[in-house]
Amino acid sequence: MPRHFEGQLTGGSEKYAIVVARFNDLVTRRLLSGALEAFGSHGVTDEQVSVFWVPGSFEIPVVAERLAFSGTFAAVCCLGAVIRGETNHHEYINQQVAGGLMRATQASGIPILFGVLTCDTMEQALDRAGGKAGNKGCEAALAAIEMVNLLRQIPEVEA
Ligand code: DLZ
């Protein structure tokens, strides 16, 4: 029988950062509420959480990377809402944000959670920000706690 490892959903004493985009803040404020509620209901107090606002999703990666390398935070939750407009602007934002966050999490070894909605319509976004399709901010916060607890079980390897 192999040993299984899984991160528990119980917060400890570590600090968490949230990076949230102001663009489409009708949606992102709801994602933020979901994330804060999830942290609170899983043992992470408000004092353990710092929230960093950026203008839009495109600006999330640089701040997330700085926070991940700061040595202060155990995980960084990124929240944004990219909604398809009349141009293909959203495609550039989506690819750059996802790629930037993946590179930063791999380089830092700190979990960076992708709570950035990529939707065709505002209705789809609201559905995923506390509406009928749940709250992706909440899911990002829970994934952050789980990953912190999982990584703690894996010995660090010198590069
Ligand atoms: C410019 C722009 C557009 C068109 N759409 C979105 C969006 O749907 N979601 C989002 O978070 N941000 C958007 N932005 C703003 C960019 O992310 C960025 O803030 C600006 O291009 C300035 O770099």
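Residues numbered from 1 in each chain as written. Predicted model: local features only at pLDDT ≥ 70, side-chain atom pairs only at ≥ 80, totals over all residues. Heavy atoms only, no water.

Peer 1: Outline the layout of surface pockets, listing residues and values.
Peer 2: Put simply, the largest pocket is a space of about 530 Å³. For the largest pocket, the lining is made up of 21 residues, of which Gly109, Ile110, Pro111, Met147 and Leu151 are closest to its centre. When residues of the lining of the largest pocket are assigned to their parent elements, the largest contribution, five residues, is made by helix H3 (residues 89–108). Counted by class, the lining of the largest pocket contains 15 nonpolar, three polar and three charged residues. Estimated volume of the second largest pocket: approximately 210 Å³. In terms of lining residues, the second largest pocket is bounded by 16 residues, among which Phe23, Val82, Ile83, His89 and Ile93 are the most central. Those elements that provide at least two residues to the lining of the second largest pocket are strand E3 (75–83) and H3. Classifying every residue of the lining of the second largest pocket by side-chain character gives seven nonpolar, seven polar and two charged. (1 Å grid on protein atoms, 1.4 Å probe; cavity = no way out; pocket = protein on both sides within 12 Å on 5 of 7 lines; lining within 4 Å. Points joined across faces, edges and corners; volume = space filled by probe spheres on them. Helix = DSSP H or I, 4+ residues; strand = E, 2+ residues; numbered from the N terminus. Nonpolar A, V, L, I, M, F, W, Y, C, P; charged D, E, K, R; others polar.)

Peer 1: Pulling in residues and values, what's your account of the packing of aromatic side chains?
Peer 2: Ring pairs (aromatic) are described by centroid distance and by the angle formed between their planes. Taken as a whole and assessed by the stated rule, the structure comprises two aromatic pairs. Between Tyr16 and Phe39, the aromatic rings sit 4.9 Å apart at their centres with planes inclined by 45°, giving tilted as the arrangement. Residue Tyr16 is found in strand E1 (residues 16–21), and its partner Phe39 is found in helix H1 (residues 25–41); the two are separated by 23 residues along the sequence. As far as burial versus exposure is concerned, Tyr16 and Phe39 are alike and both buried. (Phe/Tyr/Trp six-rings, centres within 6.5 Å; stacked < 30°, edge-to-face > 60°. Buried < 20%, exposed > 50% of the residue type's maximum accessible area, 1.4 Å probe, protein only.)

Peer 1: Provide a residue-level description of the site of the ligand, including the pertinent values.
Peer 2: Taken together, Phe23, Asn24, Gly56, Ser57, Phe58, Glu59, Ala81, Val82, Ile83, His89 and Ile93 make up the full set of residues near the ligand. In this structure, an oxygen atom belonging to the ligand sits 3.1 Å away from a main-chain N or O atom of Phe58. Between a nitrogen atom of the ligand and a main-chain N or O atom of Ala81, the distance comes to 2.8 Å. A total of 480 Å² of accessible area belongs to the ligand in isolation, and the protein chains cover 70% of it. Under a 2 Å grid-point criterion requiring more than half of the atoms, the pocket assigned to the ligand is the second largest pocket. (Near = heavy atom within 4 Å. Polar contact = N/O pair within 3.5 Å; in protein donor to acceptor, adjacent residues only side chain to side chain. Areas by Shrake-Rupley, 256 points an atom, 1.4 Å probe, with all protein chains shown as cover. Sits in = over half its atoms within 2 Å of the grid points.)

Peer 1: Break down the side chain of His90 for me, with residues and values.
Peer 2: Turning to its location among the elements, His90 is positioned in helix H3. The contacts of His90, once residues within four sequence positions are left out, are Val82, Ile83, Arg84 and Gly85. (Contact = heavy atoms within 4.5 Å.)

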